[in-house]
Amino acid sequence: MPNGGTAGGVAYNKAVWKEAGITELPKTSDEFIDDLKTIKEKTDAIPLYTNFAAGWTMGVWNDYVGIASNGDPDYKNNILLHTKNPFTKNEENSDPYAVYYTLYTAVADKLVEEDPASSDWESSKTQKSTKKTSDCNIYVSSASAFSRFYLCSIY
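Model, not experiment: these values are computed from the prediction.

Caption draft 1: Quick look at the packing of helix α2 (residues 29-42) against helix α6 (residues 95-108). Running from N to C, α2 and α6 cross one another at 20°; their axes reach a closest spacing of 10 Å. Regarding the angle of α2 to α6, the classification is roughly parallel. At the point where α2 passes α6, the crossing takes the right-handed sense. In this structure, α2 uses S29, D30, F32, I33 and L36 to contact α6, whose residues at the interface are Y101, T102, T105 and A106.

Caption draft 2: Examining unusual backbone geometry more closely. Despite not being glycine, N51 has its phi angle at roughly 55°, a positive value. Mapped onto the elements of the fold, N51 is located in the loop between α2 and α3 (56-63). The phi dihedral of K110 falls on the positive side, at around 55°, and the residue is not glycine. Assignment of secondary structure puts K110 in the loop between α6 and α7 (121-129).

Caption draft 3: Layout of the environment of W121. Along the chain, the position of W121 falls in helix α7. Assessed through its relative accessible area of 26%, W121 is described here as partly exposed. In sequence terms W121 and Y49 are 72 residues apart; their C-alpha atoms lie 9.5 Å from each other.

Caption draft 4: Broad picture of α2. Under the 1.5 Å per step criterion, the end-to-end length of α2 is 20 Å for 14 residues, consistent within 8% with the ideal 20 Å. S29, F32, I33, D35, L36, T38 and I39 are the residues of α2 that are buried. The inward-facing, buried residues of α2 abut α1 (14-19) and α6.

Caption draft 5: The arrangement of α6 in detail. Relative to the 20 Å expected for 14 residues at 1.5 Å per residue, α6 spans 20 Å between its end C-alpha atoms, a close match to the ideal helical length. Among all positions in α6, only D95, P96, A98, V99, T102, L103, T105 and A106 are buried. Considering only its buried residues, α6 is in contact with α2, α3, α4 (67-70) and α5 (75-79).

Caption draft 6: How the structure looks around the packing of aromatic side chains. Under the counting rule described, the total for this entry stands at 3 aromatic pairs. Both rings, one in W17 and one in F32, keep their centres 6.5 Å apart while their planes meet at 35°; by these two values the pair is tilted. Taken as a pair, W17 in helix α1 and F32 in helix α2 lie far apart in primary sequence, 15 residues in all. In this structure, W17 and F32 share a single accessibility class: buried. Centroid distance Y97 to Y101: 5.6 Å. Interplanar angle 20°. Geometry classified as stacked. With Y97 and Y101 both in helix α6 and 4 residues apart, this pair spans about one turn of that helix. The exposure class of Y97 is partly exposed, given its relative accessible area of 22%.

Definitions and limits used
Residues numbered from 1 in each chain as written. Predicted model: local features only at pLDDT ≥ 70, side-chain atom pairs only at ≥ 80, totals over all residues. Heavy atoms only, no water. Axes fitted to C-alpha atoms, helices over the stretch in contact; angles between N-to-C directions. Helix = DSSP H or I, 4+ residues; strand = E, 2+ residues; numbered from the N terminus. Parallel < 35°, antiparallel > 145°, perpendicular 65-115°, else oblique. Left-handed = near helix turned anticlockwise from the far one by under 90°. Contact = heavy atoms within 4.5 Å. Buried < 20%, exposed > 50% of the residue type's maximum accessible area, 1.4 Å probe, protein only. Expected span 1.5 Å × (residues − 1). Phe/Tyr/Trp six-rings, centres within 6.5 Å; stacked < 30°, edge-to-face > 60°.

Written as structure tokens, this is what we have:
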């Protein structure tokens with residue numbers, strides 16, 4: 001019998017997204033990055049809080065390479081291992097490339113906390129509720145990466 005469990009999803013601050021004027025949820029990784037840029041331009045919130053220093057939050061991105069990046073529960077075991085160039089961009093911008101592209105672009109465009117190495121998991125939860133940050137972690141589940149965001153709007 002299990003003694004615990006986890007659920008993937010995006011916890012985001014609806015008030016921050018509304019303040020930024022974002023009325024529709026993103027359907028692609030590029031739309032998501034554009035929304036993060038809009039949040040940075042129009043609010044004082046940190047668009048994507050990575051919680052890099054916590055460590056486990058970065059490991060979760062590796063998990064997204066599986067079913068979250070393409071909708072196939074067998075992808076990691078049956079396809080990824082046999083793909084010649086799994087980390088190259090494909091026409092759908094899906095699979096591993098989309099996952100790492102999203103994180104890389106958010107960091108490169110400075111859409112994350114100013115000093116990820118000193119971020120703090122516990123204080124980030126308070127920051128989310130006080131509109132200092134808009135997102136924590138990303139989980140996308142679809143037949144094609146980012147074709148549908150499943151968001152858990154709890155704030």
